[in-house]
Amino acid sequence: MTTVRTPDPPVAWDTPVRARRRDRPPGRRRKSRPEAFAFLTPWLLGAVALTVGPMVVSLYLSFTDYDLFTSPKWVGFGNFAHMVTDDDRYLQSVKVTLIYVLVSVPLKLTVSLLVAMLLNTRRGGGGFYRAAFYAPSLLGASVAAALVWRALFMGGGPVNEVLASVGWHTPSWVDDPRFSLASIVLLGVWQFGAPMVIFLAGLKQIPAELHEAAAIDGAGAVRRFRHITLPMLSPVIFFNLVMEAIHAFQAFTPAFVIGGGRGGPADADLFYTLYLFEVGFQDFRMGYASAMAWVLLAVIAIVTAIVFKTAKLWVFYDDAGERR
Amino acid sequence: MTVLPRSARSAAWHVLCLVIVAVVLYPLVWLAFASVKPPDEILSRLSLLPTRFVFDGYTKGWEGAADVGFGCFFLNSFLVAGLSVAANVFSCSLAAFAFARLNFRFRGALFAFMITTLMLPYHVTLIPQYVIFQQAGLVNTFVPLILPKLLATEAFFVFLIVQFMRGIPRELDEAAIIDGCSVYRTFWHVVLPLSKPALVTTSIFTFIWTWNDFFTQMVYLNDTEKFTVPLGLRLFVDTSSESNFGAMFAMSALALVPIVLFFLAFQRLLVEGVSTSGLKG
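For clarity, every value in this text was computed on a predicted model and none was experimentally measured. (Residues numbered from 1 in each chain as written. Chains lettered and ligands numbered in written order. Predicted model: local features only at pLDDT ≥ 70, side-chain atom pairs only at ≥ 80, totals over all residues. Heavy atoms only, no water.)

Things to note about the interface of chain A and chain B
- Facing 104 residues of chain A, the contacting portion of chain B comprises 102 residues.
- Counting each side, the surface lost to burial between chain A and chain B is near 9,300 Å², with a carbon and sulfur contribution of 77%.
- In this assembly, chain A and chain B are joined by zero salt bridges.
- Across the chain A-chain B interface, the total number found is seven residue pairs in polar contact (both at pLDDT 80 or more).
- Looking at the side of chain A that touches chain B element by element, the count peaks at 20 residues for helix H2 (residues 36-61) of chain A.
- Class assignment of the residues belonging to the side of chain A that touches chain B gives a composition of 72 nonpolar, 20 polar and twelve charged. (Contact = heavy atoms within 4.5 Å. Buried area = accessible area lost by both parts, 1.4 Å probe. Salt bridge = Lys/Arg side-chain N within 4 Å of Asp/Glu carboxyl O. Polar contact = N/O pair within 3.5 Å; in protein donor to acceptor, adjacent residues only side chain to side chain. Helix = DSSP H or I, 4+ residues; strand = E, 2+ residues; numbered from the N terminus. Nonpolar A, V, L, I, M, F, W, Y, C, P; charged D, E, K, R; others polar.)

Regarding the nonpolar core
- Of all hydrophobic cores here, the largest spans 197 residues; its most connected members are Phe133 of chain A together with Val158 and Leu233 of chain B.
- Leave out the neighbours within four places in its chain, and Val158 of chain B touches Trp43 of chain A together with Cys92, Ala95, Ala96, Phe99, Met114 and Ala152 of chain B. (Core = buried A, V, L, I, M, F, W, Y, C linked by side-chain atoms within 4.5 Å. Buried < 20%, exposed > 50% of the residue type's maximum accessible area, 1.4 Å probe, protein only.)

What about the UniProt feature "domain: ABC transmembrane type-1" (unreviewed entry) in chain A?
- Here, UniProt's "domain: ABC transmembrane type-1" (unreviewed entry) annotation points to residues 94-307 of chain A.
- For residues 94-307 of chain A, the helix share is 74%, the strand share is 0%, and the end-to-end C-alpha distance is 20 Å. (UniProt positions renumbered as here; feature names shortened; annotations may be inferred.)

Structural notes on the UniProt feature "transmembrane region" (unreviewed entry) in chain A
Residues and elements named next belong to chain A.
- What UniProt calls "transmembrane region" (unreviewed entry) maps, in this numbering, to residues 37-63, 98-119, 131-152, 179-203, 232-252 and 286-308.
- Helix and strand shares over residues 37-63 are 93% and 0% respectively, and the end C-alpha atoms of the span are 35 Å apart.
- Secondary structure content for residues 131-152 is 86% helix and 0% strand, while the C-alpha to C-alpha distance between its ends is 23 Å.

Here we look at unusual backbone geometry
Residue and element names in this part refer to chain A.
- Phi at Asp267 is positive, roughly 60 degrees, even though this residue is not glycine.
- Tracing the chain through its elements places Asp267 in the loop between helix H12 (253-258) and helix H13 (272-282).
- Given the relative accessible area of 17%, Asp267 is considered buried.
- Here Phe284, not a glycine, exhibits a phi torsion of approximately 55 degrees, which is positive.
- Mapped onto the fold, Phe284 is located in the loop between H13 and helix H14 (286-314).
- Among the residues examined, Phe284 registers a relative accessible area of 29% and is labelled partly exposed.

Focus on a nonpolar patch on the surface
Residue and element names in this part refer to chain A.
- Where nonpolar side chains cluster on the molecular surface, the patch consists of Leu98, Ile99, Leu102, Val103 and Leu107 and spans about 420 Å² of accessible area.
- Considering the arrangement of structural elements, one finds Leu107 in helix H4 (residues 88-119).
- On the basis of relative accessible area, Leu107 is assigned to the partly exposed category, the value being 39%. (Patch = residues over 30% accessible without salt bridge, like charges linked within 9 Å, V, L, I, M, F, W, Y side chains within 5 Å. Areas by Shrake-Rupley, 256 points an atom, 1.4 Å probe, with all protein chains shown as cover.)

Comments concerning the packing of helix H11 (residues 221-249) of chain A against H14 of chain A
Residue and element names in this part refer to chain A.
- In contact at an axis separation of 11 Å, H11 and H14 are set at 170 degrees when each is read in the N-to-C sense. With respect to H14, the axis of H11 lies roughly antiparallel. From H11, Ser234, Ile237, Phe238, Leu241, Val242, Ile246 and Phe249 reach across to H14, where they touch Leu296, Val299, Ile300, Val303, Thr304, Val307, Phe308, Ala311 and Trp314.
- Residue classes in the contact of H11 with H14 are distributed as 14 nonpolar, two polar and no charged. (Axes fitted to C-alpha atoms, helices over the stretch in contact; angles between N-to-C directions. Parallel < 35°, antiparallel > 145°, perpendicular 65-115°, else oblique.)

Examining the UniProt feature "transmembrane region" (unreviewed entry) in chain B
All names here are of chain B.
- Per the UniProt entry, the sites bearing "transmembrane region" (unreviewed entry) are residues 12-33, 78-99, 111-133, 145-165, 186-211 and 245-266 in this numbering.
- Note that residues 186-211 is 96% helix and 0% strand, and that its end C-alpha atoms are spaced 33 Å apart.
- Spanning residues 245-266, this segment combines 100% helix with 0% strand, and its end C-alpha atoms are found 32 Å apart.

A word on the environment of Asp40 of chain B
- Of note, Asp40 of chain B is situated in the loop between helix H1 (6-34) and helix H2 (56-62).
- Overall, Asp40 of chain B belongs to the exposed group, its relative accessible area being 59%.

Some thoughts on the side chain of Thr202 of chain B
- On the secondary structure map, Thr202 of chain B appears in helix H10 (residues 196-212).
- According to the relative accessible area criterion, Thr202 of chain B is buried, its value standing at 0%.

Things to note about the packing of aromatic side chains
- Evaluation of the coordinates by the stated rule reveals 57 aromatic pairs over all chains.
- Between Phe207 of chain B and Phe262 of chain B, the aromatic rings sit 4.5 Å apart at their centres with planes inclined by 15 degrees, giving stacked as the arrangement. Taken as a pair, Phe207 of chain B in helix H10 and Phe262 of chain B in helix H13 (residues 245-277) lie far apart in primary sequence, 55 residues in all.
- According to the relative accessible area criterion, Phe207 of chain B is buried, its value standing at 6%.
- Residue classification places Phe262 of chain B among the partly exposed positions, given a relative accessible area of 23%.
- Grouping aromatic residues by their ring pairs yields a cluster made of Phe252, Phe256, Phe277 and Phe281 of chain A together with Tyr122, Tyr130, Phe133, Phe214, Phe215 and Tyr220 of chain B. (Phe/Tyr/Trp six-rings, centres within 6.5 Å; stacked < 30°, edge-to-face > 60°.)

Written out as C-alpha cells, the structure reads:
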C-alpha cells in the first residue's frame, strides 16, 4: 500500500501516524525511545492538570450546586432539568446561538468560496487582494473591532445613514432586538478571509485540464462548478464547515461588546457563552455553568459527528478506495 | 459565452476586487479617521474625512480610566503576549518533536487524545481551572494566562509543529543519532533550527490571539492596574456616553496597531501558514 496522501489543506488528522506504522515492514520496528517522555513532560502535565482533571471535576460539578465558597451540593440532574424547564434566558441563549451558527456559517462559507474563486486566477495583484481580505480575520476577534462595529451600526452611524439615503429607514441596529443579532452575523461574515485562504489553496489543487476538458465537451460555467469544482473541493468545504461551526458555537467577544455586556436589547444578543459567563462569574453558580459547558460540548460533538457521518455522502477524496 | 477582450476582462476583475477591498477595509479606515475627528462629528457626519483633525482622543484616551493610564494596559498586554509566545513555542515544540520524531509507548493514543482536545470547547475546563487558580491564590495575576501555555494546552500549535516536522527528511536526525548525537542534541541542533517557519507561525498566531483574547483575561484579572488592552477598552463600553467616543476610538485604533504591524511584516507567511495548516485567524 502506498502512503496515504491527504488532500493538502484539510489534513486528515490521524492518518500520518497510523499510515507510517502500517507502512513499516514487520520486524523492523523503530526502537522505542524513553527520552520521548522528557519531551512530553510539559504537555503531559498540562493534559492531566489542566485538561483531563478539570474535565472530570467539571463533569462532577455539573451535577451540583457550587458557589465557589461553600462545598458543592449534589443535585443530580437538577441543573439540566432547570435549563429546559425553568430558565427562559437559557433557552433564549440557545436560540440566539443556533440562529447565529445556522445563518453566519453558511453565509461566511459562501462568501469565502465566491471570493476565493474570484482570486483563483493568474492575474497580477492577487497577493494584495488576498492579504487585504484576510486582514479582518485577525482583527475581527478583538474588542476594538467590535467597538467599531457597534458604532457603525448605531443609530446615526454610517450603516443607518447609507440605508436611509436609499430610502430604507432602519432603527439603531444594535439597540433593536430585530436587527441586533444581524449586525453580529455581519461581523462574523466580515471575517471571511481565513476560510477563503483555505478554499484558495484547495482550488489551486484542482487540475486546470479538468475544466478545459469539460469546457470542450460543452459544459458551461455553472455545470463545471457543480460537477468539478464542488466535488473536488468537498474535503476543503468539509474542513471549513467543521472549523467554522465549532468557532461559531463559541463566539463571545462580539456578543459581549455589541450587546453592551448584558446580552443586548431584550436579550437578542445573549449568546450561549455570554450567558455561561454571567451564570458562572457574575452569579457564581459554578455548578450550573459547568452543566452548561457540558451541554455545549455535547452539542459540538453531535454536530461534528453528524458532519463526519454525512461526509461519506458528499466528500470525495482522490484516493477514496485506499481510505479506511 | 460573451467574448470580451482580455484587457477589458482583466480591468473588470480588478474593479470588482477593489470594490470588495473597499467594503472589507471600510470599517478599519472609518476607525482611523474617527479617531482624529472632533467628538461631535464621529456619528453625525457621514463623511470619512474630518472637517479638522483633532488628537484629543489620543491624549484623553491615553490617560486611561480609574487613575490607570492606557500605557499600563499596553505594557500588561505586551508582557502577557510576550511570555505566552515564549511559553508556547517552548512547550509545543518539545511535545511536537516527541510526536513527530520519536517512537514511544502509547504514542498513537496520546496523539489521538491531543487531536481530540483541538475540538474541546474551552468552557468545559474553565471552571475547574478557575477553582484551581483561585485556591492557589493566583487569580488576579498573569499566571493563569501564561501557565496553560507553558504546559502546551494549545493543541493547535503542537499539531502545527508536528505537521511541519514531518516534512523534514528523517535521514537527517537518524544520521545524527547514529553518529552519536543524543536525542536532546538532535532536537536542539538539527530539528529545531529546521522548524523555524513553523515556530515563527506559532509565535505570530500566539501573539495575535493572546493580544485579542478577551474572555480569559476578563475572567482572571480584577484590578484595573492588571488590565490588558481589551479590558481597558471595555471600560469605555461601560461608560459609553458620546463624550467618550473620541478616546474610545483613539485607543481602539492603537490597540489594533501591533496586529497590523505584525500582519504587514509577516503577511506572506501568515497567509501561507493558514492555507497549509488550516489555522484560523
